[in-house]
Amino acid sequence: MKALKGILGGIRQADQKFTLFNEKDKILIGVSGGKDSMVLAYSLIQYQKFEFVNFEIVLAILDLGFPNFDATGIVKYFESIGQKLHVIDSTDVYKILKIQQKDSNQLPCSICSRMKKAAINKVAKELGCNKVAFAHHADDAIETLFLNEIYGGRVATFQPKMHLERADINFIRPFILVRESEIIQCQKEENIPSFSSHCPNEGITKRAEMKELLNQIYKKYPSAKENFLTMLSNYEKEGLFYEDIYYKLERKDLSLKPVISLKDSLIEQNLRTKLNKPNLSQEPSLKRFIIYKLDKPIGVIALKQIDNLFIIEKPSLVRNSEKTKNDILNFVKKEIERKVDPVSFKIRNKI
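Presented here is an overview of the structure given in this document.

What counts and how
- Residues numbered from 1 in each chain as written.
- Predicted model: local features only at pLDDT ≥ 70, side-chain atom pairs only at ≥ 80, totals over all residues.
- Heavy atoms only, no water.
- Helix = DSSP H or I, 4+ residues; strand = E, 2+ residues; numbered from the N terminus.
- Polar contact = N/O pair within 3.5 Å; in protein donor to acceptor, adjacent residues only side chain to side chain.
- Contact = heavy atoms within 4.5 Å.
- Buried < 20%, exposed > 50% of the residue type's maximum accessible area, 1.4 Å probe, protein only.
- Salt bridge = Lys/Arg side-chain N within 4 Å of Asp/Glu carboxyl O.
- Pairing = 2+ DSSP bridges.
- Axes fitted to C-alpha atoms, helices over the stretch in contact; angles between N-to-C directions.
- Phe/Tyr/Trp six-rings, centres within 6.5 Å; stacked < 30°, edge-to-face > 60°.
- Lys NZ or Arg CZ within 6 Å of the ring centre and 35° of its normal.
- Expected span 1.5 Å × (residues − 1).
- Arc of directions from axis to C-beta.
- Parallel < 35°, antiparallel > 145°, perpendicular 65-115°, else oblique.
- Nonpolar A, V, L, I, M, F, W, Y, C, P; charged D, E, K, R; others polar.

Some remarks on the side chain of Arg 272
If you trace the backbone, Arg 272 turns up in helix H10 (residues 262-274). Of note is the side chain of Arg 272, whose polar atom sits 2.9 Å from the side chain of Glu 313. Excluding anything up to four places from it in sequence, Arg 272 contacts Lys 277, Pro 278, Asn 279, Leu 280, Val 300, Ala 302 and Glu 313.

Structure (structure tokens):
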């Protein structure tokens, strides 16, 4: 019971910090059978009982088609605590992964992750849910940060909550401030079973390597464990290069600044109003830039990537100049061609 209290406190803290739960939410909990999702489901069933929350939960597990998958034990466990678990046929996932595997010894985890999210979104819609809860915890978030830094060259981890515009659904991660050790202890104290996912990659992924690396760091630098988690939301002391990025067009006194901060957004919005251009959405695939002449903002441009196709919004300038527009377009296309091959472009007046 002690571990459960700590977890419920962590969920409460995450809700207060990130506003995860709203009145009359209907939340789908994606159960895999592993300890994290089993404890998440159990914990939210208990959290539901507090008078300061008012939401409904639905439990579902995806049968991805992995060999020897059997949800019978999981279904019986949830029945024993008065809950229904929906078993969803998603066996096409494994078939597609085997095709995509090609000559590799491992299934492609990134493709699997995208397909699972698409499948769970579909289920959520069919069951009338407006949110999906995943069991990613604080240690997962730190591992993801390091994986992105080491293998992806970017400072990023998953978010406590996010809205998917295309699917029109919200993801939440109630365990975002909960430690894996608390989950393990809670599972023991509350006699919560766990089951194998039968994923062929289980235990041999880069994430497993990252977990081992972080444990070594924590042994040598004990304060790092708490500081790494604090770092993820410590916006007051953030200090990276973002605000100094101005992509320079050589010998043109022109540069393109990515729209990153609130200040950038306001400058972009003012320019778009002057230019009679519509404001753009915040979707991740859309990249927006302010065009600068020396230190003065003079226009806007945006682009959207769909696989190897880049849709580029024609540059708009306060003082119209076809030569300047062409210089900017050529610069953007060359920068993309340096990074993506093959690539194709579509130039449009608006995206």
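What about the side chain of Gln 46?
Locating Gln 46 in the fold gives a position in helix H2 (residues 35-47). The class for Gln 46 is buried, based on a relative accessible area of 18%. Excluding anything up to four places from it in sequence, Gln 46 contacts Leu 4 and Leu 8.

Considerations on the pattern of salt bridges
Scanning the model with the defined rule gives 20 salt bridges in all. Arg 288 is paired through a salt bridge with Glu 268; the nearest N and O atoms lie 2.7 Å apart. Of this pair, Arg 288 sits in strand E9 (residues 286-293) while Glu 268 sits in helix H10, and the two are 20 residues apart along the sequence. Relative accessible area serves as the criterion here: at 10%, Arg 288 is assigned to the buried category. By relative accessible area, Glu 268 is classed as buried at 4%.

Thoughts on the pairing of strand E2 (residues 55-63)
Among the nine residues in E2, eight count as buried, and that is most of the element. Direction of pairing for strand E1 (residues 25-31) relative to E2: parallel, over a ladder of seven bridges. Paired with Ile 29 across the strands is Leu 59, a residue of E2. Two strands pair when backbone bridges link them, and E2 and strand E3 (residues 85-89) are joined in this way by five bridges, in the parallel orientation. Residue Leu 59 lies in a different strand from E3, and its bridge partner there is Leu 85.

A short note on the environment of Gln 305
Counting through the fold element by element, Gln 305 comes out in strand E10 (residues 296-306). In this structure, the C-alpha to C-alpha distance between Gln 305 and Lys 287, residues 18 residues apart in sequence, is 8.5 Å. Setting aside residues up to four positions removed in sequence, Gln 305 forms contacts with Ser 285 and Phe 310. A polar atom in the side chain of Gln 305 sits 2.9 Å from the backbone oxygen of Asp 307.

Looking at the sheet that holds strand E4 (residues 131-133)
With mixed pairing, the six strands of this open sheet are ordered in space as E3-E2-E1-E4-E6-E5. Taken across any chain shown, the strands that pair with only one partner, and hence form the sheet edges, are E3 and strand E5 (161-164). Across the sheet, the mean angle separating the axes of adjacent strands is 30° when strand polarity is ignored. Sitting on the sheet, H2 touches E1, E2 and E4, and the angle it makes with E1 is about 155°. Packed on one face of the sheet, helix H5 (residues 109-126) meets E1, E2, E3, E4, E5 and strand E6 (169-172) and runs near 135° to E2.

Focus: the packing of aromatic side chains
Scanning the entire structure with this criterion turns up 13 aromatic pairs. Ring centres of Phe 50 and Phe 52 lie 5.2 Å apart, and the angle between their planes is 10°; this geometry places the pair in the stacked category. Put simply, the rings of Phe 21, Tyr 47, Phe 50, Phe 52 and Phe 55 pair up and form one aromatic cluster. Taking NZ or CZ as reference, Lys 257 lies 5.4 Å from the ring centre of Tyr 246, over its face.

Some details on helix H8 (residues 206-220)
For H8, with 15 residues, the first-to-last C-alpha span of 22 Å sits near the 21 Å given by 1.5 Å per residue. Buried within H8 we find Met 210, Leu 214 and Tyr 218. Summarising the axial view, the buried residues of H8 lie within an arc of 75°, below the 170-degree limit, and thus occupy one face. Turned more than 90 degrees away from the buried face of H8 sit Glu 212, Lys 219 and Lys 220, all of them exposed. Contact partners of the buried residues in H8: helix H6 (138-152) and helix H9 (224-231).

Examining unusual backbone geometry
The amide bond that connects Asp 341 to the next residue, Pro 342, takes the cis arrangement and shows omega of 0°. Assignment of secondary structure puts Pro 342 in the loop between helix H11 (322-339) and strand E13 (344-348). Backbone geometry places Asn 68, a non-glycine residue, at a positive phi of 70°. Mapped onto the elements, Asn 68 comes out in the loop between E2 and helix H3 (72-80). A positive phi angle, near 55°, is found at Asn 276, a position not held by glycine. Looking at the element boundaries, Asn 276 is found in the loop between H10 and E9. When its relative accessible area of 70% is taken as the criterion, Asn 276 is described as exposed.

Things to note about the packing of helix H1 (residues 2-18) against H2
Two packed helices can be described by the angle between their axes and the distance between those axes. Packing of H1 against H2 leaves a shortest axis separation of 10 Å and a crossing angle of 75°. Taken together, the axes of H1 and H2 lie roughly perpendicular to each other. Two secondary-structure elements touch here, H1 through Leu 4, Ile 7, Leu 8, Ile 11, Arg 12 and Asp 15 and H2 through Val 39, Tyr 42, Ser 43, Leu 44, Gln 46 and Tyr 47. In terms of residue class, the contact of H1 with H2 is made up of eight nonpolar, two polar and two charged.

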